[in-house]
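Observations on chain architecture
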Amino acid sequence: MRETFWQLVRFGIAGGLATLCYAMVYSPLAAFKITSEQVANICGYLVAMGSGYVLHSRWSFRGHGADAKSSMPKFFAVSLVSFALNTFWVWLLTDDAMLAGAWWWPLVPIVLVTPLVTFALNRLWVFA
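What comes next is a walk through the structure. (Residues numbered from 1 in each chain as written. Predicted model: local features only at pLDDT ≥ 70, side-chain atom pairs only at ≥ 80, totals over all residues. Heavy atoms only, no water.)

1. Looking at the nonpolar core
In terms of nonpolar packing, the biggest core is built from 11 residues, these being Tyr-22, Ala-23, Tyr-26, Leu-29, Ala-30, Ala-40, Ala-48, Trp-89, Val-90, Leu-107 and Ile-110. Of all elements in the fold, only α1 (2-31), α2 (37-60), α3 (68-94) and α4 (107-112) reach the threshold of two or more residues within this core. Broken down by element, the residue count for this core peaks at 5 residues, all from α1. Those residues in contact with Ile-110, other than ones at most four positions away along the chain, are Tyr-22, Asn-86, Trp-89, Val-90 and Pro-115. Phe-61, Phe-75, Val-78 and Val-126 belong to the second-largest nonpolar core, a separate cluster that totals 8 residues. (Core = buried A, V, L, I, M, F, W, Y, C linked by side-chain atoms within 4.5 Å. Buried < 20%, exposed > 50% of the residue type's maximum accessible area, 1.4 Å probe, protein only. Helix = DSSP H or I, 4+ residues; strand = E, 2+ residues; numbered from the N terminus. Contact = heavy atoms within 4.5 Å.)

Have a look at this one:
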């Protein structure tokens, strides 16, 4: 239980940094209407996926089980789940046919919900 707690803390820090990378790419692209929110989401995802893999494989789940080579395809699969969730949030909260909210609305569930799902998948499957 103690190991899981500290792993969750490390995941939160590393995931927070990856999410910050996402937000630093997504926010200006969407806020200044350089591109659509969905294209900004894709750009943010690509940056967060790369930084997230390095941080999680080398620090969050270090010594948890799987080595980096065997975990990479699974991590990519989980990152696609994360991308799908984030795409859903962007669509639901900003699309004119849905809630038509501000560009920043999706950042709330992207920061609060998506990380919990990815932690569970990474802990139980990717780095198990």
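2. What to know about the side chain of Thr-114
Among the secondary structure elements, Thr-114 is positioned in helix α5 (residues 114-126). Given the relative accessible area of 3%, Thr-114 is considered buried. Excluding residues that lie within four positions of it along the chain, Thr-114 makes contacts with Ser-82, Leu-85, Asn-86, Trp-89 and Pro-109.

3. Some thoughts on α2
Since the α-helix turns once every 3.6 residues, residues separated by three or four places project in the same direction. In this model, α2 (24 residues) spans only 30 Å end to end at C-alpha, well below the 34 Å of a helix rising 1.5 Å per residue. Residues of α2 that are buried: Ala-40, Asn-41, Gly-44, Tyr-45, Ala-48, Ser-51, Gly-52, Tyr-53, His-56, Ser-57 and Ser-60. (Expected span 1.5 Å × (residues − 1).)

4. Re the side chain of Asn-86
Structurally, Asn-86 can be placed in helix α3. If we skip the residues at most four places from it in the chain, Asn-86 touches Asn-41, Ile-110 and Thr-114.

5. Some words on the packing of aromatic side chains
Under the counting rule described, the total for this entry stands at 9 aromatic pairs. With centroids separated by 5.6 Å and ring planes inclined at 10 degrees, the aromatic side chains of Tyr-22 and Tyr-26 adopt a geometry described as stacked. Taken as a pair, Tyr-22 and Tyr-26 lie in helix α1 at a separation of 4 residues, close to a single helical turn. The buried category is assigned to Tyr-22, whose relative accessible area is 2%. Put simply, the rings of Tyr-22, Tyr-26 and Trp-103 pair up and form one aromatic cluster. (Phe/Tyr/Trp six-rings, centres within 6.5 Å; stacked < 30°, edge-to-face > 60°.)

6. Examining unusual backbone geometry
You will see that Lys-33, though not glycine, has its phi angle at about 55 degrees, which is positive. Inspection of the secondary structure assignment puts Lys-33 in the loop between α1 and α2. Overall, the relative accessible area of 65% leaves Lys-33 in the exposed class. In this structure, Ala-100 takes a positive phi of about 50 degrees despite not being glycine.

7. Concerning the environment of Leu-29
Mapped onto the secondary structure, Leu-29 falls in helix α1. Classification of Leu-29 as buried rests on a relative accessible area of 19%. For the pair formed by Leu-29 and Val-78, sequence separation is 49 residues and the distance between their alpha carbons is 25 Å.

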